[in-house]
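Commentary on secondary and tertiary structure
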Amino acid sequence: MKLYSFFNSSASYRVRIALALKGIDYQSTGVNIRIGQQNTLEYRQLNPLGLVPALVTDEGASLGQSLAIIDWLDRHYPQVPLLPADETERMRVLEIAYAISCDIHPINNLRVLRYLSDELHISEEAKKRWYEHWIQQGLSAVERLLHSNQSGEFCVGTSVTLADCCLIPQWANALRMGCDLSGYPRCQAVYDACTRLPAFIAAAPENQQDKIPA
Ligand SMILES: N[C@@H](CCC(=O)N[C@@H](CS)C(=O)NCC(=O)O)C(=O)O
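This report concerns the structure included in the present document. Keep in mind that what you see is a predicted model, and the values were worked out from it rather than measured.

Moving on: the pairing of strand β1 (residues 2–5). Two elements, β1 and strand β2 (residues 27–30), share four bridges in a ladder whose sense is parallel. Paired with S5 across the two strands is G30, which belongs to β2. Handedness of the crossover is the feature at issue here: the chain leaves β1, passes through helix α1 (residues 10–22), returns alongside β2, and the resulting connection is right-handed. With three bridges joining them, β1 and strand β3 (residues 54–56) adopt antiparallel strand pairing. Bridge pairing in β3 links L3 to L55.

Spelled out as structure tokens, the structure:
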């Protein structure tokens, strides 16, 4: 199995966490999105969206969209399930995962931030405000979801799920962008619990072969 990813892409990070939790052996290929490698014809044959990650299975099928990849992994490698069998827990996991991956992440993606600068000529300061605004709005909703789930160590229930695979990378990105995250103690506690686990450490941006020194 081959994963095309970028070290500090949060969508790639979600999939790396899932692969590590399940103990799946895979080959990793770096796609440097800062210099546009996601837009080459060769890469777009794997993922026509021009976004990382993409997974190529042992049978040669290629798949984009981190959540679809994790769903596929969960069905083919059911050890350490990331989508709970219990219907209520599954619903709560998907609610958090979609809140992050559909409502927070896409508007702060690289191509959106570049469009703000390059086409709309927005200043660096205004772009930072944009980023922070959507992070604060999105994470305050996630914080409320975590409280109403009365979750323990993780986002939902007593084990790691897809929701944690989405929250930790988004949180790491917000930290990297210098956002004030002091208002989200439940999210912080989940981040602290997850980032102590070996799978999350193995999947972290700073531990990837394609890491570009700051
Ligand atoms: N919904 C997609 C989002 C993928 C995505 O936005 N990837 C980002 C990195 S986190 C990317 O490739 N950005 C390149 C760009 O914006 O040009 C998924 O979950 O896989």
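This part is about the site of the ligand. The ligand sits among 15 residues. The nearest are V52, Q65, S66, N109 and R111. Measuring from a nitrogen atom of the ligand, one finds a backbone N or O atom of V52 at 2.8 Å. Here the ligand has 510 Å² of accessible area as a free molecule, and 90% of this is covered by the chains. Mapped onto the shell around the ligand, the elements with two or more residues apiece are α1 and α5 (110–118). Here the element with the most residues in the shell around the ligand is α1; it accounts for three residues. Here the residues of the shell around the ligand sort into six nonpolar, seven polar and two charged.

Going from V52 to P53, the amide bond is cis rather than trans, its omega being 10°. Assignment of secondary structure puts P53 in the loop between α2 (41–46) and β3. The phi dihedral of Q65 falls on the positive side, at around 70°, and the residue is not glycine. Turning to its location among the elements, Q65 is positioned in the loop between β4 (62–64) and α3 (66–76). A relative accessible area of 47% places Q65 in the partly exposed class. For V80, which is not glycine, the phi dihedral falls at a positive 50°. With respect to the helices and strands, the residue V80 is situated in the loop between α3 and α4 (87–104).

What follows covers the sheet that holds β1. Taken in spatial order, the four strands of this open sheet run β2-β1-β3-β4, and their pairing is mixed. Single-partner strands in this sheet number two, and they are β2 and β4. Direction aside, the axes of adjacent strands within the sheet are offset by 20° on average. With three bridges joining them, β3 and β4 adopt antiparallel strand pairing. For V56, the partnering residue across the bridge sits in β4 and is S62. This element, α3, spans β3 and β4 of the sheet and lies at about 125° to β4.

Further remarks concern the nonpolar core. Core analysis: the largest hydrophobic core is formed by 57 residues, its most contacted members being L73, I96, V142, L162 and L167. Listed by contribution, the elements that provide at least two residues to this core are α1, α3, α4, α5, α6 (124–149), α7 (162–176), α8 (185–194) and α9 (198–203). With nine residues, α7 is the largest single contributor of residues to this core. The residues touching V142, leaving out its near neighbours within four places in the chain, are I96, A99, I100, I104, L167 and C187. Counting nine residues, the second largest nonpolar core, distinct from the first, contains Y4, F6, Y43 and V56.

Analysis parameters
Residues numbered from 1 in each chain as written. Predicted model: local features only at pLDDT ≥ 70, side-chain atom pairs only at ≥ 80, totals over all residues. Heavy atoms only, no water. Pairing = 2+ DSSP bridges. Helix = DSSP H or I, 4+ residues; strand = E, 2+ residues; numbered from the N terminus. Right-handed = clockwise from strand over helix to strand, strands pointing away. Near = heavy atom within 4 Å. Polar contact = N/O pair within 3.5 Å; in protein donor to acceptor, adjacent residues only side chain to side chain. Areas by Shrake-Rupley, 256 points an atom, 1.4 Å probe, with all protein chains shown as cover. Nonpolar A, V, L, I, M, F, W, Y, C, P; charged D, E, K, R; others polar. Buried < 20%, exposed > 50% of the residue type's maximum accessible area, 1.4 Å probe, protein only. Axes fitted to C-alpha atoms, helices over the stretch in contact; angles between N-to-C directions. Contact = heavy atoms within 4.5 Å. Core = buried A, V, L, I, M, F, W, Y, C linked by side-chain atoms within 4.5 Å.

Fair warning: the whole summary comes from geometry, so function is off the table for now.
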